[in-house]
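Residue strings, one per chain:
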Amino acid sequence: MHIADSSLLLTVPLPVLRVVVLHLERPLVFFDLEATGTDPQAARIIQIGMQRFVPSGDGAALDETIDVLVDPEEEIPAAVTDLTGLSPDAVQQAPPLGAHLDRIAPLLADADLAGYNALAYDIPLLQAEFERHGRTLPGPDDRVVLDPYRLEQVLRPRTLSS
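This report concerns the structure included in the present document. (Residues numbered from 1 in each chain as written. Predicted model: local features only at pLDDT ≥ 70, side-chain atom pairs only at ≥ 80, totals over all residues. Heavy atoms only, no water.)

Ordered by their spatial adjacency, five strands build an open sheet running E3-E2-E1-E4-E5, and the pairing between neighbours is mixed. Two strands close off the open sheet at either side, each with one partner strand: strand E3 (59-69) and strand E5 (145-146). Of the pairings in the sheet, the one linking strand E2 (residues 45-56) to E3 comprises 10 bridges and is antiparallel in character. Paired with Ser-56 across the two strands is Gly-59, which belongs to E3. The strands touched by helix H3 (residues 101-109) are strand E1 (28-35), E2, E3 and strand E4 (112-114); relative to E3, the strand with the most contacts, the crossing angle is about 155°. (Pairing = 2+ DSSP bridges. Helix = DSSP H or I, 4+ residues; strand = E, 2+ residues; numbered from the N terminus. Contact = heavy atoms within 4.5 Å. Axes fitted to C-alpha atoms, helices over the stretch in contact; angles between N-to-C directions.)

See below:
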């Protein structure tokens, strides 16, 4: 690309990026769920993505990654397929959630959690799904949840003027 007149360029100052090493006191699980709807009490999980990091000498080390499809055992609305790209055909051969709980539970048992909108959606959805299977979502009583959505709300509150 060639620009003949550099006076036409708009320069935007970029923020100075600083690399921060994450020092964990206990495991941290980053996770994201896709589901059949927006109500965490009624929706069913159709995909689980998790990365578990554990404390290590130099900060944190990746311990395990999970990326699985889940048969929700109910219809997937067309709007969900449009949003997620996950169709009924994509999950029809996947095991139902109950088949994944024994693998997921130990990853969460001693871990803090992190995920976008996790406090309002993903954690209540996960709790509801565990309860539907007669189980309690495992985790420490003093669990920390890192939710970038909440951080964004604090740093950039939305008002009628913005």
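Here the narrative resumes.
With that settled, consider the nonpolar core. One finds Phe-31, Ile-45, Ile-48, Met-50, Leu-108, Leu-126 and Phe-130 to be the most contacted residues of the largest nonpolar core, which totals 26 residues. Residue assignment for this core shows that the elements contributing at least two residues are E1, E2, E3, H3 and helix H4 (118-132). Here the element with the most residues in this core is H4; it accounts for six residues. Aside from chain neighbours lying at most four places away, what touches Leu-108 is Val-29, Met-50, Arg-52, Leu-113, Leu-126, Phe-130, Leu-137, Pro-138, Gly-139, Pro-140 and Arg-143. Counting five residues, the second largest nonpolar core, distinct from the first, contains Ile-46, Ile-76, Leu-86 and Val-91. (Core = buried A, V, L, I, M, F, W, Y, C linked by side-chain atoms within 4.5 Å. Buried < 20%, exposed > 50% of the residue type's maximum accessible area, 1.4 Å probe, protein only.)

This paragraph deals with the pattern of salt bridges. Once the charged atoms of two side chains with opposite charge are near each other, the side chains can pair. The full count for this structure, using the stated rule, is seven salt bridges. The closest approach of N and O atoms between Asp-112 and Arg-26, which form a salt bridge, is 2.8 Å. Taken together, the positions of Asp-112 in strand E4 and Arg-26 in the segment before E1 put the pair 86 residues apart, joining distant regions of the chain. Close ionic contact of Arg-103 with Glu-64 constitutes a salt bridge, the shortest N to O distance being 3.3 Å. Here Glu-64 lies in strand E3 and Arg-103 lies in helix H3, a separation of 39 residues in the sequence. Residue Arg-103 is classed as partly exposed on the basis of its relative accessible area, which comes to 42%. (Salt bridge = Lys/Arg side-chain N within 4 Å of Asp/Glu carboxyl O.)

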